[in-house]
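Per-entry structural report
Spelled out, the chains give:
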Amino acid sequence: MAVVSLPTADGGVEEYEAGEPLSFEAASDVAFPRIAYSAAHVVSDPYADVDPWLETAIDWDATIDYRRHLWSLGMGVAEAMDTAQRGMGLDWPTSLELIKQSVAAAKDFANDSNGSALVASGAGTDHITPDPSLTVDDIIAAYEEQCAAVEAAGGRIILMASRALAAAAKSPDDYAKVYGRVLAQVKEPVIIHWLGEMFDPALAGYWGNDDHLKAMDVCLDMLADNADKIDGIKISLLDDQKEITMRRRLPDGVRMYTGDDFNYPDLIAGDEQGYSDALLGIFDAIAPVASAALTAMGQGNMDRYHEILAPTVPLSRHIFKAPTRFYKTGVVFMAYLNGHQDHFTMVGGQESTRSAQHLGELFRLADKAGLLADPEEACARADIIMAAHGIGV
């Protein structure tokens, strides 16, 4: 019997008995009918003698091993993105090293498996400090530097939203100028990422408008002007109706990648007017389930697709609850519970951003979704974390 001491909402402690994990069909030769990227987390090095708030230390072996795990399930990897704590512990020099190692590992994985390993990597402006005094040319130069570095590493670009641009732009025209100049130079089509302010408050008012629908108009004009340089756009607004509205207005040939960790099953399933591909942080935490669901979709079994994914939605909504930017803590906790890393520490000391109550409820929801691969081991690991909070001791 797998039992763990978890805090209750009334300030007590319960001895929670974990259920049995669900078994999911392994990745097969059935092609996914959607492109599916998992934004991937990084594993910190707990042995490094660093000040976590100031310095970054990565366990490279464990970090790359997790990417191999995702590729083995048929998932693509969105590298050095928000889920990897970009701008919240992961700086640009470390991000570039991560991109180089991931691109190289993808090639090795593809050769070893006689298959493919999809990876696309974030290029932004996070090596410069946001300031209203920056010029448009300063921001273009920063984007150019990172895009050139990703391409030199053999990577494909995800063009990340820029805190510097959000701070310095005087009008929507500045966004059009920056994106137009940068996109004119890329070697192959990129994925644009519109990250909402719920994920990063510094990105409020992106595209020159606080109103998302007005901002959408600006973004759509930019996409139309540069459509030959754009594979697709990921929007992370946690609003399914806004995503559907934008999806129906995209230029021909430009994909919608859902970044909605609240409503992904229906957005990926789509409707009579279209569907979204996926580039999701929650896929890091639920990768085996996501793989099985997309396999079922590829087999034409939509009932099974929804049956598999439905129990993951309450878990995802809990992990991504406000303040949403702290969701990475839940993603890493899931990796720890499932044995993908030996500790629950994060770069930037971010393991402290969620309470024991939050982690306890995460454990219950993961268990109800059948996502704890080894319930006894997961309980033992959770007990260690709860005991560190003085729970169950």
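On a predicted model such as this, the values are computed, not experimentally measured, just so you know. (Residues numbered from 1 in each chain as written. Predicted model: local features only at pLDDT ≥ 70, side-chain atom pairs only at ≥ 80, totals over all residues. Heavy atoms only, no water.)

Moving on, we get to the overall build of the protein. Counting its secondary structure elements, the protein contains 15 helices and 10 strands. For the protein, the C-alpha radius of gyration of 20 Å lies close to 21 Å, the compact-globule estimate for 393 residues. When each of the 393 residues of the protein is scored for burial, the buried share is 55%. Summarising the internal contacts of the protein: among those between residues at least 6 apart in sequence, 69% fall at separations of at least 24. Of the roughly 15800 Å² of accessible surface on the protein, a fraction of 48% belongs to carbon and sulfur atoms. (Helix = DSSP H or I, 4+ residues; strand = E, 2+ residues; numbered from the N terminus. Rg over C-alpha atoms; globule rule 2.2 N^0.38 Å. Buried < 20%, exposed > 50% of the residue type's maximum accessible area, 1.4 Å probe, protein only. Contact = heavy atoms within 4.5 Å. Areas by Shrake-Rupley, 256 points an atom, 1.4 Å probe, with all protein chains shown as cover.)

Turning our attention to the pattern of salt bridges. Any two side chains of opposite charge can pair if their charged atoms end up close together. For the structure on display, the rule yields 18 salt bridges. We note a salt bridge from Arg304 to Glu307, for which the minimum N-O separation is 3.5 Å. Of the two residues, Arg304 and Glu307 both sit in helix α11 (residues 302-309), three residues apart, roughly one turn of that helix. The partly exposed category is assigned to Arg304, whose relative accessible area is 30%. Its salt-bridge partner being Asp342, residue Arg381 comes within 3.8 Å of it at the nearest N-O pair. Placement of Arg381 in helix α15 (residues 375-388) and of Asp342 in the loop between α13 (327-337) and α14 (356-368) is noted, with a sequence separation of 39 residues between them. (Salt bridge = Lys/Arg side-chain N within 4 Å of Asp/Glu carboxyl O.)

For the rest of this paragraph, the subject is the nonpolar core. Residues Tyr179, Trp194, Met246, Phe283 and Phe363 are the most contacted members of the largest nonpolar core, which totals 122 residues. Among the elements that make up this core, the one with the highest residue count is helix α2 (residues 92-113) (eight residues). Here Trp194 is in contact with Tyr206, Trp207, His212, Ala215, Met216, Cys219, Ile233, Lys234, Ile235, Ser236, Leu237 and Met246, once residues within four sequence places are set aside. In this structure, Tyr37, Ala78, Met81 and Leu279 belong to the second largest nonpolar core, which totals 10 residues. (Core = buried A, V, L, I, M, F, W, Y, C linked by side-chain atoms within 4.5 Å.)

Let's shift gears to the environment of Thr245. Looking at the secondary structure, you find Thr245 in helix α7 (residues 240-247). For Thr245, a relative accessible area of 35% corresponds to the partly exposed category. Separated by 215 residues in the primary sequence, Thr245 and Val30 have C-alpha atoms spaced 31 Å apart.

What follows deals with helix α10 (residues 287-298). Taking 1.5 Å as the rise per residue, α10 with 12 residues should run 16 Å; its terminal C-alpha atoms sit 16 Å apart, in good agreement. Counting buried residues in α10 gives 10 out of 12 residues, a clear majority hidden from the surface. Those residues of α10 that fall on the buried side of the exposure criterion are Ala287, Val289, Ala290, Ser291, Ala292, Ala293, Leu294, Thr295, Ala296 and Met297. Contact partners of the buried residues in α10: β3 (36-39), α1 (60-72), α8 (264-269), α9 (282-285), α11 and α12 (312-319). Just downstream of α10 lies Gly300, where phi reads positive at about 80 degrees. (Expected span 1.5 Å × (residues − 1).)

The subject of this paragraph is the packing of helix α6 (residues 212-225) against α7. Relative orientation of the contacting elements α6 and α7 amounts to 30 degrees, with a least axis distance of 11 Å. With respect to each other, α6 and α7 are oriented roughly parallel. You can see that α6 and α7 cross each other, and the crossing is right-handed. Contacts from His212, Leu213, Met216, Cys219, Leu220 and Leu223 of α6 reach α7 at Lys242, Thr245 and Met246. Of the residues belonging to the contact of α6 with α7, the class tally is six nonpolar, two polar and one charged. (Axes fitted to C-alpha atoms, helices over the stretch in contact; angles between N-to-C directions. Parallel < 35°, antiparallel > 145°, perpendicular 65-115°, else oblique. Left-handed = near helix turned anticlockwise from the far one by under 90°. Nonpolar A, V, L, I, M, F, W, Y, C, P; charged D, E, K, R; others polar.)

Taking strand neighbours around the barrel as the criterion, the eight strands line up as β3-β4-β5-β6-β7-β8-β9-β10 in a closed arrangement whose pairing is parallel. Across this sheet, the average inter-strand angle for adjacent strands is 30 degrees, counted without regard to direction. Where strand β8 (residues 230-236) meets strand β9 (residues 255-258), four bridges bridge the pair, whose relative direction is parallel. Looking at β9, one finds that Gly232 is bridged to Arg255. Docked against the sheet, α6 engages β7 (190-195) and β8, running at close to 165 degrees with respect to β7. (Pairing = 2+ DSSP bridges.)

Next up on the list: the side chain of Asp82. With respect to the helices and strands, the residue Asp82 is situated in the loop between β4 (76-79) and α2. Within the structure, Asp82 has its side chain in polar contact with the side chain of Lys328 (distance 3.3 Å). Apart from the residues within four sequence positions on either side, Asp82 is in contact with Leu195, Phe199, Tyr327 and Lys328. (Polar contact = N/O pair within 3.5 Å; in protein donor to acceptor, adjacent residues only side chain to side chain.)

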